[in-house]
Amino acid sequence: MNLLNPLTAPLALIIFGAGAVAGALGVALGLGGGIFLVPFLTLVLGFPLKSAAAISLATVIATSSAVTAQRAGNQLINLRVGMVLEAATTVGSLLGGITAQLVAESVLRRLFGVVAIAVAAVVLGRVNKRNVILDPMVDPGRLGGRFYDEESHGIVSYRVKRLPLALFASFIAGNVSSLLGIGGGIIKVPVLNAWCGMPLRAAAATSALMIGVTATGGAIIYYGRGDLQPLLAAPAVLGVQVGSWAGARLAYGASVKWLKVLMAAILVIVAVLMFLRSNP
Amino acid sequence: MNRDRSGMQRLETTIGEVLRFGTITSSTMFAIGLVMTVVGYQPAAAQLLLATGLVILLATPPARVVVSVIEYVREQDWTFVLLTGIVLLALAGSVVAAYF
C-alpha cells in the first residue's frame, strides 16, 4: 500500500478540504462526517476502503472528543446510558474491526452502499419530524435524565425504556462503525429517540460521547495493521474539526430541509457507485 | 441520590478536561507536523509529531474510560465498574487483534 506516499501539498489540501466539507455537512444534518468522507476518499481519491475507513475513524474520535469536551457539564449527555451502551458498542467495534481484516474490499463496498441507502432513508424520514413529546414531571429513574432545554425554555425529564433494544442497536452500530469508518450515531440516535424515550438532543449528545470510544476500538486495529497513516489522518482530522466548527455556526436556525433532500440524493448516488465499483 | 449527582457532575467535568486536553494536544501536533511536512522542514521530526499526535488522539477516549472506572470505584458503584471494565477489556481486545 504505497500509493499514498509521499504526501504532496495538494493532496493534503484536498483531504483537508474534504474533511472540512464532510464535517460541516455532518453538523448541519446531525450525522457524523464519515458517511461523506469515506466515499470521497474511496470513490474520488481511489483509496482502499480500509484506508478510508481508518482515516474517517480518526476524524470521528476527534469530533467526539471535541464536541463532548464542549458539552460536558450541561446535563445533556447521559453518562450512565452512555457507559451502559458503550459496553455493547466497543464489543461490536472489536468484532467489526476483526471482520474488516477478513472480508474482501468488494464486500465492504457493497455493505457501505446498503448503509448509505439506509442513512438516506433516515435523513429523509427526519425532514419533517418533530421531537418526541415528553411528560415534564416524569421521574427519571436510575438511567433517565433531566436537562434544561433551550428551545422550550423548560426542564425536560425522561426515562429510558427498552434498554435491550438500545444495547442491540449499539452493538450493531459498533460493528458498522469499525467496518465502514462511520461513527454509528446514525443507527443509535434514531433508536434512542424513537423507541427508548430519549429526547433527540440528549440522544445525540450521548451518542457523540460514545462514538469516540467506539471508533477507537476499530481505529486501533487499523493502526496496528498499517491502514491508518498519520500523514493522511492529520489533514482529515484538522479539516473535520474546522468544518464542524464552521458548520455549527452556519447551520443554527437555518432551514436545512433542502440540504437533507440533496444529501439523501447524494447518498443514493454514493450507494450506486459503491455497488458498481465493487467488482474489480 | 444527592451524593450520586455530585459524583456524576465531577466525573463529567473531569471527562471534559481529559477530552479537551487530548483534542488540543493532538490537533496542535497535527497542524505543526503537517506544515513541516508540506514545506519539507525536518521531515523526521515532522513524522514523529504526526505519529505522536495520532497516538494521543487514539489514547484520549480510553483515558476517559479509565477516569470513569476510577470514579465509579470511588463511589463503589460496582455495576458501572463492571460496565466500564467491559469497555476497557474490549479496547484491550482491539490492541490484541491489531498486533497478534
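Everything numeric here is computed off the predicted structure, so don't read it as measured data. (Residues numbered from 1 in each chain as written. Chains lettered and ligands numbered in written order. Predicted model: local features only at pLDDT ≥ 70, side-chain atom pairs only at ≥ 80, totals over all residues. Heavy atoms only, no water.)

1. A closer look at the overall build of chain B
Thought 1: Within chain B, the regular secondary structure consists of three helices and zero strands.
Thought 2: Counting from the amino terminus, helix and strand elements in chain B follow one another as α-α-α.
Thought 3: Radius of gyration (C-alpha) of chain B: 18 Å, far over the 13 Å computed for a compact globule of 100 residues.
Thought 4: On the principal axes, the C-alpha backbone points of chain B span a range of 55 × 35 × 10 Å.
Thought 5: Residues counted as buried form 43% of the 100 residues belonging to chain B.
Thought 6: Per element, the accessible surface of chain B, about 5200 Å² overall, is 72% carbon and sulfur.
Thought 7: Across chain B, the 6 positively charged side chains and the 6 negatively charged ones have centroids separated by 2 Å. (Helix = DSSP H or I, 4+ residues; strand = E, 2+ residues; numbered from the N terminus. Rg over C-alpha atoms; globule rule 2.2 N^0.38 Å. Buried < 20%, exposed > 50% of the residue type's maximum accessible area, 1.4 Å probe, protein only. Areas by Shrake-Rupley, 256 points an atom, 1.4 Å probe, with all protein chains shown as cover. Lys, Arg positive; Asp, Glu negative; His and termini not counted. Charge placed at Lys NZ, Arg CZ, Asp CG, Glu CD.)

2. Focus: the interface of chain B and chain A
Often the size quoted for an interface is simply the accessible area lost on bringing the parts together.
Thought 1: Taken together, the contact between chain B and chain A spans 45 residues of the former and 49 residues of the latter.
Thought 2: Between chain B and chain A the total buried area reaches about 4100 Å² when both faces are included, carbon and sulfur atoms providing 71% of it.
Thought 3: In terms of surface lost to chain A, no three residues of chain B exceed E12, L58 and R64 of chain B, which account for 15% of the buried area on that side.
Thought 4: For the pair chain B and chain A, the interface holds two salt bridges.
Thought 5: For E86 of chain A, the salt bridge is made with R64 of chain B, and the minimal N-O distance between the two is 2.7 Å.
Thought 6: At the level of elements, helix 1 (2-39), helix 2 (43-74) and helix 3 (78-99) of chain B are the ones that each hand at least two residues to the side of chain B that touches chain A.
Thought 7: In terms of residue count, the dominant contributor to the side of chain B that touches chain A is helix 1 of chain B (16 residues). (Contact = heavy atoms within 4.5 Å. Buried area = accessible area lost by both parts, 1.4 Å probe. Salt bridge = Lys/Arg side-chain N within 4 Å of Asp/Glu carboxyl O.)

3. Looking at the pattern of salt bridges
Residues and elements named next belong to chain B.
Thought 1: Counting across every chain of the model gives five salt bridges over all chains.
Thought 2: In this structure, the salt-bridge partner of E71 is R74, at a minimum N-O distance of 3.8 Å. In this pair, E71 and R74 are both assigned in helix 2, three residues apart and thus about one turn of the helix distant.
Thought 3: Residue classification places E71 among the buried residues on the basis of a relative accessible area of 7%.

4. Observations concerning the environment of I15 of chain A
Residue and element names in this part refer to chain A.
Thought 1: Within the secondary structure layout, I15 lies in helix 1 (residues 9-29).
Thought 2: Look at I15 and you get buried, because its relative accessible area is 0%.
Thought 3: Considering only alpha carbons, one finds I15 and V189, 174 residues apart in sequence, at a separation of 28 Å.
Thought 4: If we skip the residues at most four places from it in the chain, I15 touches L45, F47, L232, P235 and A236.

5. So, empty space enclosed by the protein
Thought 1: For the coordinates displayed, the defined rule picks out one cavity of 30 Å³ or more.
Thought 2: A volume near 30 Å³ is recorded for the largest cavity.
Thought 3: In terms of lining, the largest cavity is formed by S64, S65, T68, L209, G212 and V213 of chain A together with L19, P61 and R64 of chain B.
Thought 4: Of all elements in the fold, only helix 3 (49-71) and helix 8 (200-224) of chain A together with helix 2 of chain B reach the threshold of two or more residues within the lining of the largest cavity.
Thought 5: Looking at the lining of the largest cavity residue by residue, the classes come out as four nonpolar, four polar and one charged. (1 Å grid on protein atoms, 1.4 Å probe; cavity = no way out; pocket = protein on both sides within 12 Å on 5 of 7 lines; lining within 4 Å. Points joined across faces, edges and corners; volume = space filled by probe spheres on them. Nonpolar A, V, L, I, M, F, W, Y, C, P; charged D, E, K, R; others polar.)

6. What to know about unusual backbone geometry
Thought 1: In this model, R162 of chain A sits at a positive phi of 50 degrees, which is unusual for a non-glycine residue.
Thought 2: When you line up the elements, R162 of chain A lands in the loop between strand 2 (154-158) and helix 6 (163-180).
Thought 3: What makes R162 of chain A partly exposed here is its relative accessible area of 48%.
Thought 4: One non-glycine residue, Q76 of chain B, lies in the positive phi region at around 55 degrees.
Thought 5: Note on placement: Q76 of chain B falls in the loop between helix 2 and helix 3.
Thought 6: Relative accessible area serves as the criterion here: at 57%, Q76 of chain B is assigned to the exposed category.

7. Looking at the nonpolar core
Thought 1: Counting residues in each nonpolar core, the largest one holds 64 residues, and the members touching the most others are I35, F36 and F112 of chain A.
Thought 2: If you tally residues by element for this core, the top one is helix 3 of chain A, at ten residues.
Thought 3: Counting residues in each nonpolar core, the second largest holds 38 residues, with M83, A169 and A205 of chain A together with L11 of chain B among its members. (Core = buried A, V, L, I, M, F, W, Y, C linked by side-chain atoms within 4.5 Å.)

8. Details of helix 10 (residues 257-276) of chain A
Residue and element names in this part refer to chain A.
Thought 1: The terminal C-alpha atoms of helix 10, which comprises 20 residues, lie 29 Å apart, in line with the 28 Å expected from a rise of 1.5 Å per residue.
Thought 2: Of all the residues in helix 10, the buried ones are L259, K260, M263, A264, L267, V270, A271 and M274. Mapping the buried residues of helix 10 onto a view down its axis gives an arc of 135 degrees, with all of them on the same face. Exposed positions of helix 10 whose direction lies more than 90 degrees from the buried face are W258, I269 and L276.
Thought 3: In this fold, the buried residues of helix 10 make contact with helix 1, helix 2 (34-44), helix 3 and helix 5 (105-125). (Expected span 1.5 Å × (residues − 1). Arc of directions from axis to C-beta.)

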